[in-house]
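The chain contents come next:
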Amino acid sequence: QVQVVESGGGLVQAGGSLRLSCVASGIIDSINTMAWYRQAPGKERELVASISRASVTNYADSVQDRFTISRDDPKHTVHLQMNSLKPEDTAVYYCNAHINARQGVSVMTFDTWGQGTQVTVSS
């Protein structure tokens, strides 16, 4: 089976920075879109940033110019560099990847979610 695992979350003061990483594993042919979502208590999960296979990026307005998403295909990894963090950025951050994985002689695309990593920004 394929999976993704996040790391890099933690507690940081407002104005600080964190770098999240997400590593995919399994029998992977390629990965299409990779993305970061977040969910704060009592709120719906929202898209933070995404990056396509062609490295086209998309950001939520609330993080534009503060966050940067990048991918390292040889390492099957996506990063989210978060700068100038605000208390409203506090949430559980989830990695999502559309992974083209081999199953026997076939290849199937899996919409894969990580376990989440907590980001807490204090004021």
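This write-up is about the structure you can find in this document. Here the residue numbering is sequential within each chain, running from 1 through the sequence in written order. Local features in this predicted model are restricted to residues of pLDDT 70 or higher, and side-chain atom pairs are both shown and tallied only at a pLDDT of 80 or more, whereas totals for entire chains, interfaces and linings draw on every residue. Values shown for side chains rest on all heavy atoms present in the structure; no hydrogens or waters enter the calculation.

### Focus on the overall build of the protein chain
Strands are runs of DSSP state E lasting at least two residues, helices are runs of H or I lasting at least four, and both sets are numbered from the N terminus onward. Within the protein chain one finds 0 helices and 11 strands. Across the protein chain, helices and strands are ordered from the amino to the carboxyl terminus as β-β-β-β-β-β-β-β-β-β-β. A compact globule built from 123 residues should have a C-alpha radius of gyration of about 14 Å, and the protein chain, at 15 Å, falls within 12% of that. Overall size of the protein chain, expressed as C-alpha extent along the three principal axes, is 55 × 25 × 25 Å. Partly exposed describes any residue whose relative accessible area lies between the buried limit of under 20% and the exposed limit of over 50%, with all areas from a 1.4 Å probe on protein chains only and scaled to the type maximum. For the protein chain, the residues scored as buried account for 43% of the 123 residues in total. The contact definition used throughout considers only heavy atoms, calling two residues in contact when any of these lie within 4.5 Å. Contacts in the protein chain between residues far apart in sequence, at least 24 positions, make up 57% of those at least 6 positions apart. Values of the radius of gyration come from C-alpha atoms, whereas the globule rule sets the reference at 2.2 Å times the count of residues to the power 0.38.

### Examining the environment of Arg102
Mapping Arg102 onto the fold places it in strand β9 (residues 91-103). Since its relative accessible area comes to 38%, Arg102 is described here as partly exposed. Spatially, the C-alpha atoms of Arg102 and Lys86 are 41 Å apart, while their sequence positions differ by 16 residues. Pairs of N or O atoms within 3.5 Å make up the polar contacts considered here, provided that, within protein, one atom can donate a hydrogen while the other can accept it, and that residues adjacent in sequence are counted only when both atoms are side-chain atoms. Within the structure, the side chain of Arg102 is placed 3.2 Å from the side chain of Asp29, a separation counted as a polar contact.

### Here's the deal with the pattern of salt bridges
For salt bridges, the criterion is a side-chain nitrogen of Lys or Arg within 4 Å of an Asp or Glu carboxyl oxygen. All told, the structure shown has 5 salt bridges when counted by the stated rule. One salt bridge in this structure joins Arg38 and Glu46, with 2.8 Å as the shortest N-O distance. Residue classification places Arg38 among the buried positions, given a relative accessible area of 6%. Here Glu46 falls in the partly exposed class, since its relative accessible area comes to 34%. For Asp89, the salt bridge is made with Arg38, and the minimal N-O distance between the two is 3.0 Å. Highlighted residues: Asp89 in the loop between β8 (77-82) and β9 and Arg38 in strand β4 (residues 28-39), separated in sequence by 51 residues. Per residue, the accessibility class of Asp89 equals that of Arg38, and both read buried.

### Structural notes on the state of the cysteines
Here, a disulfide means two cysteine sulfur atoms that sit within 2.5 Å of each other. Considering all chains together, one arrives at 1 disulfide under this definition. Paired by a disulfide, Cys22 and Cys95 hold their sulfur atoms 2.0 Å apart. Where Cys22 bonds to Cys95 through sulfur, the torsion about that S-S bond is close to -80°, and the disulfide is left-handed. In this pair, Cys22 is assigned in strand β3 (residues 18-25) and Cys95 in strand β9, connecting sequence segments 73 residues apart. Judged on exposure class, the residue Cys22 and its partner Cys95 are both buried.

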